[in-house]
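Report on the structure
Okay, here's what each chain looks like letter by letter:
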Amino acid sequence: MELIRGIHNILPSHHGCVLTIGNFDGVHRGHAQVISNLVNKAHHFQLPATVMTFEPQPQERFRGADAPARLSLLRDKIRLLDELKIEQLLCINFTVAFANQPAEVFIEDLLVKKLGVKYLVVGDDFCFGKGRVGNFNMLVAAGKKFGFTVVSTQSFMVGSLRVSSTAVREQLALGHLEQARRLLGHPFILSGRVAHGQKIGRTIGFPTANIALKRNVVPVRGVFAVRLYWDDSDIYEGVANVGFRPTVNGQTCRLEVHLFDFSGDLYGKRVEVELVAKIRDEQPFESLDALKKQILNDANEARALFSNDAS
Ligand SMILES: Cc1cc2nc3c(=O)[nH]c(=O)nc-3n(C[C@H](O)[C@H](O)[C@H](O)COP(=O)(O)O)c2cc1C
Ligand SMILES: Nc1ncnc2c1ncn2[C@@H]1O[C@H](COP(=O)(O)OP(=O)(O)OP(=O)(O)O)[C@@H](O)[C@H]1O
């Protein structure tokens, strides 16, 4: 997959493609269905299957810290889209100027002149452009004028629920990891680099890897049974907390992972943490000793969960 970073990097050789557009946050099963249609059409037309996405996501640009929690960082999104076998990912810097373009300008300048879209696949609720006035019917009319075809994909449902990034966020906020996984089609992960913490954990017998969360808002809070992936080959099980650590007066939201039976050095490593099941909500404890007792219970619960999974 070729990553095209920004409109200014679209070359004449990129002219002519089969395209879809969206946030693709989390790259869930609804997205996978849209992209499967895209890839089929691309084969048929012998043109590259291309996804256009935005960074930051539009709501992050407009609402800052009030934007919905992010399901996937750009690098996770790139990996997940790559797995769906697209050929080109166009990542557009979502500036205010870009957002303020009228829908007609977006179509004519970007879709027609720069990208030479031959076929456009969108979901059934797709909107775009200033004031989100651009919709499926407008695209169909533009397609007739400029010579491209627009198709909409039917809603992808799990039971009676339409899969969406919003629906995944709701399930994660409720701690329903299994249902979130069903909607995503893959496990929910948090990724980042292991940083130095306050080093209190080791004094209570639970050393933790602290992972700085690069997102504005995280869709989960609490204590979880986790798997940690690192360097592609090693998988470790453990227990983790996502939160502000009220017992030690934490100021920022952090992911802290205690791995079972691990004594290596993870500092500086980029890791992926799969949240397997929620154990409980984070809470303040009156002493480190009380926290230690609780973490011991959490670890036992997580170990039991993993050994049940294995049997
Ligand atoms: C499994 C687990 C559960 C935790 N639960 C809580 C909690 O409920 N409340 C809290 O204030 N901190 C909680 N913590 C965070 C601890 O306060 C923190 O890991 C400890 O202070 C070590 O910090 P350090 O990594 O900076 O040394 C938890 C940590 C782990 C690993
Ligand atoms: N369940 C689904 N079925 C069919 N198409 C979908 C589904 N979910 C998203 N799409 C389509 O995938 C493309 C990208 O969607 P996008 O990420 O922008 O929205 P979303 O997943 O519905 O998230 P949100 O909850 O933020 O609206 C759009 O064309 C959208 O219409």
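Here's a quick rundown of the structure. (Residues numbered from 1 in each chain as written. Chains lettered and ligands numbered in written order. Predicted model: local features only at pLDDT ≥ 70, side-chain atom pairs only at ≥ 80, totals over all residues. Heavy atoms only, no water.)

**Quick word on the overall build of the chain**
Each helix and strand counted, the chain has nine helices and 16 strands in total. In terms of overall dimensions, the chain has C-alpha extents of about 70 × 40 × 35 Å along its principal axes. When contacts within the chain are restricted to residue pairs at least 6 apart in sequence, long-range pairs at least 24 apart make up 73% of them. Surface summary for the chain: the accessible area is close to 15,200 Å², and the carbon and sulfur share equals 51%. Charge centroids of the chain, computed over 37 positive and 32 negative side chains, lie 5 Å from each other. (Helix = DSSP H or I, 4+ residues; strand = E, 2+ residues; numbered from the N terminus. Contact = heavy atoms within 4.5 Å. Areas by Shrake-Rupley, 256 points an atom, 1.4 Å probe, with all protein chains shown as cover. Lys, Arg positive; Asp, Glu negative; His and termini not counted. Charge placed at Lys NZ, Arg CZ, Asp CG, Glu CD.)

**Considering the pairing of strand S15 (residues 254-259)**
Of all six residues that make up S15, six are buried, and the element is covered over most of its length. Where burial is concerned, the two faces of S15 agree: the one with Arg-254, Glu-256 and His-258 and the one with Leu-255, Val-257 and Leu-259 are both buried. Here strand S12 (residues 209-212) runs beside S15; their pairing, made up of four bridges, is antiparallel. Counterpart to Asn-210 in the pairing with S15 is Glu-256. As judged from the six bridges shared by strand S14 (residues 234-243) and S15, these two strands associate in the antiparallel manner. Across the sheet, residue Val-239 finds its bridge partner in S15, namely His-258. (Buried < 20%, exposed > 50% of the residue type's maximum accessible area, 1.4 Å probe, protein only. Pairing = 2+ DSSP bridges.)

**Looking at the site of ligand 2**
Surrounding ligand 2, one finds 20 residues, the nearest of these being His-28, Gly-123, Asp-125, Phe-156 and Thr-166. Asn-23 has a polar backbone atom sitting 3.2 Å from an oxygen atom of ligand 2. The contact in question runs from an oxygen atom of ligand 2 to an N or O atom on the side chain of Asp-125, over 2.5 Å. Taking a 2 Å distance to the grid points as the criterion, the majority of the atoms of ligand 2 fall inside the largest pocket. Contributions of two or more residues to the shell around ligand 2 are made by helix H1 (29-45), strand S5 (117-123) and helix H7 (165-173). Per-element tally for the shell around ligand 2: the top contributor is H1, with three residues. Of the residues contributing to the shell around ligand 2, the split by class is seven nonpolar, 11 polar and two charged. (Near = heavy atom within 4 Å. Polar contact = N/O pair within 3.5 Å; in protein donor to acceptor, adjacent residues only side chain to side chain. 1 Å grid on protein atoms, 1.4 Å probe; cavity = no way out; pocket = protein on both sides within 12 Å on 5 of 7 lines; lining within 4 Å. Sits in = over half its atoms within 2 Å of the grid points. Nonpolar A, V, L, I, M, F, W, Y, C, P; charged D, E, K, R; others polar.)

**A look at the environment of Asn-249**
The residue Asn-249 is located in the loop between S14 and S15 in this model. Once the C-alpha coordinates of Asn-249 and Pro-284 are considered, the two residues, 35 residues apart in sequence, prove to be 9.2 Å apart.

**Points about the site of ligand 1**
Taken together, 23 residues lie around ligand 1, and Gln-198, Ile-200, Thr-247, Glu-256 and Gln-283 are the ones closest in. Within the side chain of Thr-208, a nitrogen or oxygen atom sits 2.7 Å from an oxygen atom of ligand 1. With respect to ligand 1, the backbone of Gln-283 contributes an N or O atom lying 2.6 Å from a nitrogen atom. When the free accessible area of ligand 1 is taken as 620 Å², the share hidden by the protein chains comes to 99%. When residues in the shell around ligand 1 are grouped by element, the largest group, three residues, is from helix H9 (residues 288-310).

**As for the packing of aromatic side chains**
Given two aromatic rings, their pairing is described by the distance between the two centres and the angle made by the two planes. This structure, assessed with the given rule, holds 11 aromatic pairs. Ring centres of Phe-45 and Tyr-119 lie 5.1 Å apart, and the angle between their planes is 40°; on these two criteria the pair is classed as tilted. You can see Phe-45 sitting in helix H1 and its partner Tyr-119 sitting in strand S5, a full 74 residues away along the chain. A relative accessible area of 35% means that Phe-45 is categorised as partly exposed. (Phe/Tyr/Trp six-rings, centres within 6.5 Å; stacked < 30°, edge-to-face > 60°.)

**A look at the layout of surface pockets**
If you add up the space inside the largest pocket, you get close to 1,100 Å³. Every residue lining the largest pocket is counted, 47 residues in all, and those nearest its centre are Gly-22, Asn-23, Phe-126, Cys-127 and Arg-132. Of the residues contributing to the lining of the largest pocket, the split by class is 19 nonpolar, 20 polar and eight charged. (Points joined across faces, edges and corners; volume = space filled by probe spheres on them.)

**Some remarks on the pattern of salt bridges**
Going through the model one piece at a time under the given rule, you end up with 16 salt bridges. For the salt bridge of Glu-274 with Arg-227, the shortest nitrogen-to-oxygen distance reads 3.2 Å. Of this pair, Glu-274 sits in strand S16 (residues 270-280) while Arg-227 sits in strand S13 (residues 222-230), and the two are 47 residues apart along the sequence. In this structure, the salt-bridge partner of Glu-256 is Arg-254, at a minimum N-O distance of 2.8 Å. (Salt bridge = Lys/Arg side-chain N within 4 Å of Asp/Glu carboxyl O.)

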